[in-house]
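Commentary on secondary and tertiary structure
What follows is the residue order along each chain.
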Amino acid sequence: MLHLLFSSSSSPSCCFCADLTLATIDVAHPQQRQPFSPLFQTSKWLLLSKKPLFYKFHPSHPAVAHPRVQQKHSLLRVRAVVSGAEERIEKPGLQLNVPGCETLPPIWQPKRVVLVRHGQSTWNEIGRIQGSSNFAVLTAKGESQAETSRQMLLSDSFDLCFHSPLARAKRTAEIIWGFRKNAMIPIEDLREIDLYSFQGLMKNEGKQLYGEAYRTWQKDAANFSIDGHYPVRELWERAQKCWSTILCSEGRSILVVAHNAVNQALVATAAGSMMGLQTPSPPIAGEQAGGRKTRSRILLICHGATESNIQKKFATQEEPMNMLGIIQSTKTAELLLDVAVGAVFCSPQPCALETASAIVKVQEAADCLGADCVPRSVELIQMDELKDMSWGAWRGKLKEEVAPLDRWEDYLQHEDVAGAENFLSLWERAGKAWQNLLKYIDVLESQGEEKTLVVVGHEIVHVAMLGHCLGLSQAFFGSFRLDSGSLSVIDFPDGSTQRGVIRCLNYTAHLGRWAVPVTCASLADEKF
């Protein structure tokens, strides 16, 4: 399930879950928020689990002056976030509509949009390629999944429901919409990606009949061509058009029910990222990334909760976990029991080291616990580059004390805090940590080993490493939120020298009742 929030002065974010996907988007008046940053304000929530995932968007502000942003008719234009992306994916003679270059429509009031992917269909169940065909219907499992989403959204007061016209999405929308009085509205452009001759084939048939095209679809989607069409490029263009319909509607709280690929395109076009995002199956079970077996994997794990986390204060350098954090680290270690971990890297600070030690302890007891037939030996490596940011004069203070409306990430990008680490220094340090992890994977791959690395650290450093993975600039820093005890999965289906695929972000379902409590989505003091 996935939620997005749009507001009028921050950047979008991106995150995904299994089968049913949901997103929420809020947008507020520019004058409601006077940003420290001329471009982006941090997202207040980013939760990926069976719980909602929230984002904030700020599509326009008169003070925007970032080199990757242009103002046109007072609207925000976000260019492709990967430097040189056009040159890398455009071939001679081909016109490529680069995602992120289109303007988002003007928004005159806060909005929240919830994106939901349909439940399992009859063709999902047997592995048949659906595309935009309309022959499949929901299975019993798919109907049950839709009912689960309905129950999760019972308290949400939606004004409108847009949905794909395809039967599997329409039925999911009907179940979730329930007894709400307002009519559901189909949008043709919300249909799934058009896959032309691929549609109706079993996946193995697609590989056999269209081998090269099928491989291009998996490895270089923007340049995937079939029957004279570029399906992914067409999908991105459709997604950009959909935002105009969705955000220009009169509703303030909007439900959208669609499909895997089109939901990815909606999130990524809004976020300004065209690379490295996948809507996953469950994050640990299975070894697939975008339909391909992954060679290596990095699991980013945020340490268990501390008192500072709970009280929303800036942490001290030597703070241990509290009891909630200890439980969360145990739950995370249990989740990883069936994963063959090659090594555990961690910050040397107590909360991260304690979480990493719990994971190593359970890993090395895998044979005793029946998860492996032989003992495992897992190396625990402390890495200084993974240390939390030194907060200086902010240490121990409430976040709301240092900046209004939780805008401290914006502040750090433009101002120095007395005694604190410089934000640029943190960004560069995280980049160095990321490169060191990739080198370690490269060594393992050169030895013929395909292993999973576990990296235990702090939210702010992990968010920066995610930015480096996606090729984002540090202006996008506030677009992600990770919670204590959360798990994020990065796959490398083409090896560590190629781009990573963020398969799962901020997964907390394994924590159950011990996850950070989820509050209602809100923008400033206004409830949605």
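Each value, and the rule that gives it
- Residues numbered from 1 in each chain as written.
- Predicted model: local features only at pLDDT ≥ 70, side-chain atom pairs only at ≥ 80, totals over all residues.
- Heavy atoms only, no water.
- Helix = DSSP H or I, 4+ residues; strand = E, 2+ residues; numbered from the N terminus.
- Buried < 20%, exposed > 50% of the residue type's maximum accessible area, 1.4 Å probe, protein only.
- Contact = heavy atoms within 4.5 Å.
- Areas by Shrake-Rupley, 256 points an atom, 1.4 Å probe, with all protein chains shown as cover.
- Axes fitted to C-alpha atoms, helices over the stretch in contact; angles between N-to-C directions.
- Parallel < 35°, antiparallel > 145°, perpendicular 65-115°, else oblique.
- Left-handed = near helix turned anticlockwise from the far one by under 90°.
- Polar contact = N/O pair within 3.5 Å; in protein donor to acceptor, adjacent residues only side chain to side chain.
- Nonpolar A, V, L, I, M, F, W, Y, C, P; charged D, E, K, R; others polar.
- Pairing = 2+ DSSP bridges.
- Expected span 1.5 Å × (residues − 1).
- Core = buried A, V, L, I, M, F, W, Y, C linked by side-chain atoms within 4.5 Å.
- pLDDT = per-residue confidence, 0-100.
- Arc of directions from axis to C-beta.

**A few points about the overall build of the protein**
Along the protein, the regular secondary structure elements total 15 helices and 17 strands. Buried positions account for 58% of the 528 residues belonging to the protein. Pairs at least 24 apart in sequence give 75% of the contacts found in the protein among residues at least 6 apart. For the protein, the exposed area adds up to about 20,900 Å²; of that, 51% sits on carbon and sulfur atoms.

**Thoughts on the packing of helix α3 (residues 140-152) against helix α4 (residues 167-177)**
Put simply, α3 and α4 touch, their axes get as near as 8 Å, and they point 40° apart. The pairing of α3 with α4 is recorded here as oblique in orientation. In this structure, α3 crosses over α4, and the sense of that crossing is right-handed. In this structure, α3 uses E143, A146, E147, S149 and R150 to contact α4, whose residues at the interface are R171, T172, I175 and I176.

**Structural notes on the environment of S347**
Locating S347 in the fold gives a position in the loop between β11 (341-346) and α11 (350-364). In sequence terms S347 and L386 are 39 residues apart; their C-alpha atoms lie 4.7 Å from each other. Setting aside residues no more than four positions away along its own chain, S347 makes contact with A352, L353, M383, L386, K387, D388, V456, G457 and H458. In this structure the side chain of S347 is engaged in a polar contact, spanning 2.9 Å, whose partner is the side chain of H458.

**Side note on the packing of helix α10 (residues 323-335) against α11**
Where α10 contacts α11, the two axes come as close as 9 Å, and the packing angle between them is 35°. In this structure, α10 crosses over α11, and the sense of that crossing is right-handed. Facing S329, T332 and A333 of α10, the residues of α11 in contact are T355, A358, I359 and V362. Partitioned by chemical class, the residues of the contact of α10 with α11 number four nonpolar, three polar and no charged.

**Side note on the sheet that holds strand β14 (residues 487-492)**
Read across the sheet, six strands follow the order β12-β11-β13-β10-β14-β15 without closing on themselves; strand pairing throughout is mixed. Either end of the sheet is taken by a strand with one partner, and the two such strands are β12 (379-382) and β15 (501-507). Put simply, the sheet's adjacent strands are angled 15° from each other on average, direction ignored. Sheet analysis places β14 next to β15, joined by four bridges and oriented antiparallel. Pairing of I490 across the sheet is with I502, part of β15.

**Points about helix α7 (residues 231-247)**
Taking 1.5 Å per residue as the helical rise, α7 with its 17 residues ought to reach 24 Å, and the 24 Å between its terminal C-alpha atoms agrees with that figure. Looking only at α7, the buried set comprises P231, V232, R233, L235, W236, R238, A239, Q240, C242, W243, I246 and L247.

**Things to note about the nonpolar core**
Counting residues in each nonpolar core, the largest one holds 46 residues, and the members touching the most others are I298, F345, W408, W434, M465 and I490. Of all the secondary-structure elements, those providing two or more residues to this core are β10 (296-302), β11, α13 (408-414), α14 (423-446), β13 (452-457), α15 (459-470), β14 and β15. The leading source of residues in this core is α14, at 10 residues. Excluding residues that lie within four positions of it along the chain, I298 makes contacts with W434, L437, I441, L453, V455, S488, V489, I490 and F492. In this structure, I107, I187, L235 and V267 belong to the second largest nonpolar core, which totals 35 residues.

**A word on the confidence of the model for the protein**
Across the protein, the average pLDDT comes to 76, with 73% of residues at 70 or higher. This stretch, residues 8-101, has a pLDDT under 50; its non-local contacts, to residues over four places away or in other chains, come to 391 contacts. Note on residues 518-528: pLDDT under 50 across the span, and 39 contacts to partners over four residues away in sequence or across chains.

**Focus on α10**
The end-to-end C-alpha distance of α10 is 19 Å, a good match for the 18 Å that 13 residues give at a rise of 1.5 Å each. Restricting attention to buried positions, one finds in α10 the residues G325, Q328, S329, T332 and A333. Down the axis, α10 shows its buried residues gathered within 140° of arc, on one side only. Buried residues along α10 sit against β10 and α11. At the N-terminal end of α10, a side-chain oxygen is found 3.2 Å from the backbone nitrogen of L324, two or three residues along, and the residue is N322.

**Concerning the pairing of β10**
With respect to burial, β10 is a largely interior element, seven of its seven residues being buried. Of the two faces of β10, the one carrying S296, I298, L300 and C302 and the one carrying R297, L299 and I301 are both buried. Here β10 pairs with β14 via six bridges, running antiparallel. The residue bridging I301 from the neighbouring strand is L487, located in β14.

**Some remarks on unusual backbone geometry**
Phi at Y196 is positive, roughly 50°, even though this residue is not glycine. Residue position: Y196 is located in the loop between β6 (184-186) and α5 (203-209). Accessibility expressed as a relative area gives 26% for Y196, which makes it partly exposed. Of note, the phi angle at K312 is positive, near 60°, even though the residue is not glycine. Mapped onto the elements of the fold, K312 is located in the loop between α9 (307-311) and α10.

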